[in-house]
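# Report on the structure
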Amino acid sequence: MISAYDKIYLSLLCQKNHNYVIIFFFVFVILLSGYICFYQLGKSPLENWDEAWYADMIRHMIRSHEFILTYWNKAVLLDKPPLQIWLSLPFVWFFGLNEFSVRIVSSIAGFLTILLVTKYSYKKWGLLPALFAFLTIALNNTFIWRVRSGNIDALVTFLILLTYFFIIGKLICIFMF
């Protein structure tokens, strides 16, 4: 028969080990996500169309100091919002205009998206669903392809996810009071 003291000790021991499992899980998530999003980011050349367009728009902004309108082939291009280009400018100033500096904003946004989805799943449903959410998003070919390219898709996904969290957070505060 287990005494009350042994039950308390076992519950503390299990809780302590559970905390180590959670810490290990999130360290694993951060390291694997960082590897997936950032490893050899600037190694391959820019892809046709969108990625090359954004690099040319960034180049034009740096040369002309025109930061409001985006230009491509010396013509105004208003098809896409310029937030991705604005966020890429400091990286281009620091690293120079290359594949890495064009793609880094998308990679950071994708990395943060993976972390937010995993943390949200953990808080809402627990460790095992968080693992499945992480594996689903981090091993999705299309998502990672867009994250590792200089397109605005990863940034838009991250901003939509943030908007969702802010709306949910505001709704919870409204219904609590």
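## A short note on the pattern of salt bridges
Applying the stated criterion across every chain yields a total of 3 salt bridges. For arginine 103, the salt bridge goes to glutamate 51, with nearest N and O atoms at 2.5 Å. Of this pair, arginine 103 sits in helix 4 (residues 99-125) while glutamate 51 sits in helix 2 (residues 50-64); the two residues are 52 residues apart in sequence, bridging distant segments of the chain. Here arginine 103 and glutamate 51 have matching classes, each one buried. Between aspartate 153 and arginine 146 there is a salt bridge, with its nearest N and O atoms 2.6 Å apart. Residue aspartate 153 is classed as partly exposed on the basis of its relative accessible area, which comes to 31%.

## Quick look at the packing of aromatic side chains
Given two aromatic rings, one states the distance between the centres and the angle between the planes to describe the pair. What the rule picks out here adds up to 13 aromatic pairs. Arranged with centres 5.9 Å apart and planes meeting at 90 degrees, the rings of tyrosine 120 and tryptophan 125 form a pair that is edge-to-face. Arranged with centres 6.3 Å apart and planes meeting at 80 degrees, the rings of tyrosine 120 and tyrosine 164 form a pair that is edge-to-face. Of the two residues, tyrosine 120 sits in helix 4 while tyrosine 164 sits in helix 7 (residues 153-176), which places them 44 residues apart along the sequence. Put simply, the rings of Tyr120, Trp125, Tyr164 and Phe165 pair up and form one aromatic cluster. A cation over a ring is seen here: arginine 146 above tryptophan 145, with NZ or CZ 4.6 Å from the ring centre.

## Describing the side chain of serine 106
Along the chain, the position of serine 106 falls in helix 4. At a separation of 3.0 Å, a polar atom in the side chain of serine 106 contacts the main-chain carbonyl oxygen of serine 149. Ignoring anything within four residues of it in the chain, the contact list for serine 106 reads Gln84, Arg146, Val147, Ser149, Gly150, Asn151 and Ala154.

## As for the packing of helix 2 against helix 3 (residues 83-95)
At a closest axis distance of 10 Å, the pairing of helix 2 and helix 3 adopts a crossing angle of 70 degrees. Between helix 2 and helix 3, the angle is such that the two are roughly perpendicular. Classified by chirality, the crossing of helix 3 by helix 2 is right-handed. Contacts between helix 2 and helix 3 involve Tyr54, Met57, Ile58, Met61 and Ile62 on the former and, on the latter, Ile85, Trp86, Ser88, Leu89, Val92 and Trp93. Residue classes in the contact of helix 2 with helix 3 are distributed as 10 nonpolar, 1 polar and no charged.

Parameters at a glance
- Residues numbered from 1 in each chain as written.
- Predicted model: local features only at pLDDT ≥ 70, side-chain atom pairs only at ≥ 80, totals over all residues.
- Heavy atoms only, no water.
- Salt bridge = Lys/Arg side-chain N within 4 Å of Asp/Glu carboxyl O.
- Helix = DSSP H or I, 4+ residues; strand = E, 2+ residues; numbered from the N terminus.
- Buried < 20%, exposed > 50% of the residue type's maximum accessible area, 1.4 Å probe, protein only.
- Phe/Tyr/Trp six-rings, centres within 6.5 Å; stacked < 30°, edge-to-face > 60°.
- Lys NZ or Arg CZ within 6 Å of the ring centre and 35° of its normal.
- Polar contact = N/O pair within 3.5 Å; in protein donor to acceptor, adjacent residues only side chain to side chain.
- Contact = heavy atoms within 4.5 Å.
- Axes fitted to C-alpha atoms, helices over the stretch in contact; angles between N-to-C directions.
- Parallel < 35°, antiparallel > 145°, perpendicular 65-115°, else oblique.
- Left-handed = near helix turned anticlockwise from the far one by under 90°.
- Nonpolar A, V, L, I, M, F, W, Y, C, P; charged D, E, K, R; others polar.

Purely geometric numbers; function is a separate question.
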